[in-house]
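For reference, the chains in residue letters:
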Amino acid sequence: MTATWFSGTSSSLVKKHLSQALFKSLEHLETASGFTLEKAIRSGIQNPDSSIGIYAGDADSYQVFSPVFDPVISEYHNFPKGGTHVSDFALPDLPPADPGGKYILSTRIRVARNLKDYSFPANLTLSCRKALEKKIIRALGLLESDLAGEYRPLEDVGKGHRPEDKGLAFEKGDRFQDAAGINSDFPKGRGVFHSLDRKLMVWVNEEDHLRIMSLERSSHLSLVFHRLCRALQALSPRLGFAFDHRLGYLTSCPTNLGTAMRAGVHIRLEKLDRKKELLHGLAKEYHLQIRGTRGEKTEVEDAVFDISNAQRLGIGEAAVIQTLHQGLLAIIKAEETL
Ligand code: ARG
């Protein structure tokens with residue numbers, strides 16, 4: 001399988017940066033938790049249409065297999081050799097991007113986090129995944145005031161047809177995650193935490209150990225961000241997140257490294273929907289990514305776009321939110337003048 005892949009035509013970044021000779025030189029290596037290069041690239045091999053094609057099985061993967069991860073990371077993030085990553089959560093209050101609520105339907109900011117002392121989801125056994133889930137449930141149970149909430153194991157969500165379960169569960173991962181091993185024993189050891197007002201949600205053991213998100217139906221980016229920061233401040237000392245001075249927060253997929261943050265809005269742009277070049281030009285200028293209504297690899301429905309930051313590594317969180325804010329103001333202005 002590997003041999004035919006090397007001679008094949010996959011346009012993934014891992015194919016581009018991993019020669020057969022480099023593979024041979026790294027093939028015998030194992031990380032602290034027993035992860036190998038063959039496992040790391042399995043998803044890219046089984047899915048030649050991958051854009052990246054490699055996942056980390058633990059924090060150590062980024063060290064042990066750095067000869068392949070580093071060039072992939074450099075190219076994807078436009079990250080210079082010798083670059084470093086510094087967090088900066090000091091964001092001033094910002095006015096809502098769309099105070100009249102004419103365009104922006106909702107704001108959602110998520111970060112991915114993994115615990116440094118556990119294998120990442122691609123390399124978790126069922127018993128480890130369950131132990132990890134327990135540890136995370138305990139930490140989530142200590143959240144206070146508006147952040148306090150309820151944890152639901154994924155196996156139970158939807159059972160009993162509780163109407164309040166609607167929109168709570170996350171789906172089993174796609175074929176890329178499946179081939180990486182991230183779906184093993186699904187849905188066991190996974191679950192969703194939500195604060196009572198549902199403005200804080202945490203996915204446990206999806207693509208990363210935690211996907212912590214703050215969301216609401218407004219365009220108040222700094223309010224949403226500050227809620228997320230409060231949750232992180234409470235959880236971080238209890239869980240011990242994997243962080244590297246060069247690569248930032250360590251994630252399963254190298255696309256999420258750095259801040260591991262995706263901050264975005266759902267925004268209805270009826271006029272720009274018919275002037276896509278203009279929208280894409282603005283997105284480029286403000287380092288934004290445009291996705292379909294239902295997220296990654298989906299279509300735009302009813303002119304509702306998912307617009308979020310494209311930069312994650314080598315930039316602080318506060319700068320990411322400020323750039324998004326400026327970009328949204330520019331996009332709304334363009335929509336209004338059309
Ligand atoms: N592994 C997939 C690919 O290479 C997805 C990459 C980014 N998406 C993600 N959910 N990590 O195309």
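For the structure, check the block above.
Given the structure is predicted, the values throughout are model-derived calculations rather than measurements. (Residues numbered from 1 in each chain as written. Predicted model: local features only at pLDDT ≥ 70, side-chain atom pairs only at ≥ 80, totals over all residues. Heavy atoms only, no water.)

Peer 1: Could you give an account of the overall build of the chain, with specific residues and numbers?
Peer 2: Secondary structure summary: the chain contains 12 helices and 10 strands in total. For the chain, the C-alpha radius of gyration of 20 Å lies close to 20 Å, the compact-globule estimate for 338 residues. For the chain, the spread of C-alpha atoms along the three principal axes comes to 60 × 45 × 40 Å. Counting the 338 residues in the chain, one finds 53% classified as buried. In the chain, the proportion of contacts linking residues at least 24 apart, taken out of those at least 6 apart, comes to 72%. (Helix = DSSP H or I, 4+ residues; strand = E, 2+ residues; numbered from the N terminus. Rg over C-alpha atoms; globule rule 2.2 N^0.38 Å. Buried < 20%, exposed > 50% of the residue type's maximum accessible area, 1.4 Å probe, protein only. Contact = heavy atoms within 4.5 Å.)

Peer 1: Please set out empty space enclosed by the protein residue by residue, giving values where relevant.
Peer 2: This model, assessed by the stated rule, comprises one cavity of 30 Å³ or more. Every residue along the wall of the largest cavity is listed here: Phe170, Glu171, Gly173, Gln177, Ile182, Asn183, Phe186, Arg190, Asn205, Glu206 and Glu207. Of the residues in the lining of the largest cavity, the class split is three nonpolar, four polar and four charged. (1 Å grid on protein atoms, 1.4 Å probe; cavity = no way out; pocket = protein on both sides within 12 Å on 5 of 7 lines; lining within 4 Å. Points joined across faces, edges and corners; volume = space filled by probe spheres on them. Nonpolar A, V, L, I, M, F, W, Y, C, P; charged D, E, K, R; others polar.)

Peer 1: Tell me about unusual backbone geometry, and name the residues and values.
Peer 2: Between Phe186 and Pro187 the backbone carries a cis peptide bond, its omega angle lying at 5 degrees. Secondary-structure assignment places Pro187 in the loop between α9 (175-180) and β3 (191-195). One non-glycine residue, Arg198, lies in positive phi territory at about 60 degrees. Within the secondary structure, Arg198 sits in the loop between β3 and β4 (200-204). With relative accessibility at 27%, the residue Arg198 sits in the partly exposed group. One non-glycine residue with positive phi stands out, namely Ala303, at about 60 degrees.

Peer 1: Tell me about the sheet that holds strand β1 (residues 104-113), and please be specific about residues and values.
Peer 2: Reading across from one edge, β2-β3-β4-β5-β1-β8-β10-β9 is the order of the eight strands in this open sheet, with antiparallel pairing throughout. Each edge of the sheet is formed by a strand with only one pairing partner; in this case those strands are β2 (149-153) and β9 (288-291). Across the sheet, the mean angle from the axis of one strand to that of its neighbour is 20 degrees, orientation sign disregarded. In this structure, β4 lies alongside strand β5 (residues 210-216), joined through five bridges in antiparallel fashion. Its bridge partner being in β5, Val202 is matched across the sheet by Ile212. Running at roughly 150 degrees to β5, helix α10 (residues 221-239) makes contact with β1, β4, β5 and β8 (261-268) of the sheet. (Pairing = 2+ DSSP bridges. Axes fitted to C-alpha atoms, helices over the stretch in contact; angles between N-to-C directions.)

Peer 1: Help me get a handle on the nonpolar core, residues and values and all.
Peer 2: Counting 58 residues, the largest nonpolar core has Leu140, Ile212, Ile267, Ile307, Ile321 and Leu328 as its most contacted members. Counting 35 residues, the second largest nonpolar core, distinct from the first, contains Ile52, Phe65, Val72 and Leu313. (Core = buried A, V, L, I, M, F, W, Y, C linked by side-chain atoms within 4.5 Å.)

Peer 1: Which residues make up the site of the ligand, and what values go with them?
Peer 2: Within the structure, the ligand sits among Ser50, Ser51, Ile52, Gly53, Tyr55, Phe176, Glu207, Cys253, Thr255, Glu296 and Lys297. Contact distances for the ligand include 2.8 Å between a nitrogen atom and a side-chain N or O atom of Tyr55. Within the contact set of the ligand, a nitrogen atom lies 2.9 Å away from a side-chain nitrogen or oxygen of Glu207. Coverage of the ligand by the protein amounts to 91% of the 340 Å² it exposes when considered alone. Among the residues making up the shell around the ligand, the classes are represented as four nonpolar, four polar and three charged. (Near = heavy atom within 4 Å. Polar contact = N/O pair within 3.5 Å; in protein donor to acceptor, adjacent residues only side chain to side chain. Areas by Shrake-Rupley, 256 points an atom, 1.4 Å probe, with all protein chains shown as cover.)

That's the geometry; what it means functionally is another story.
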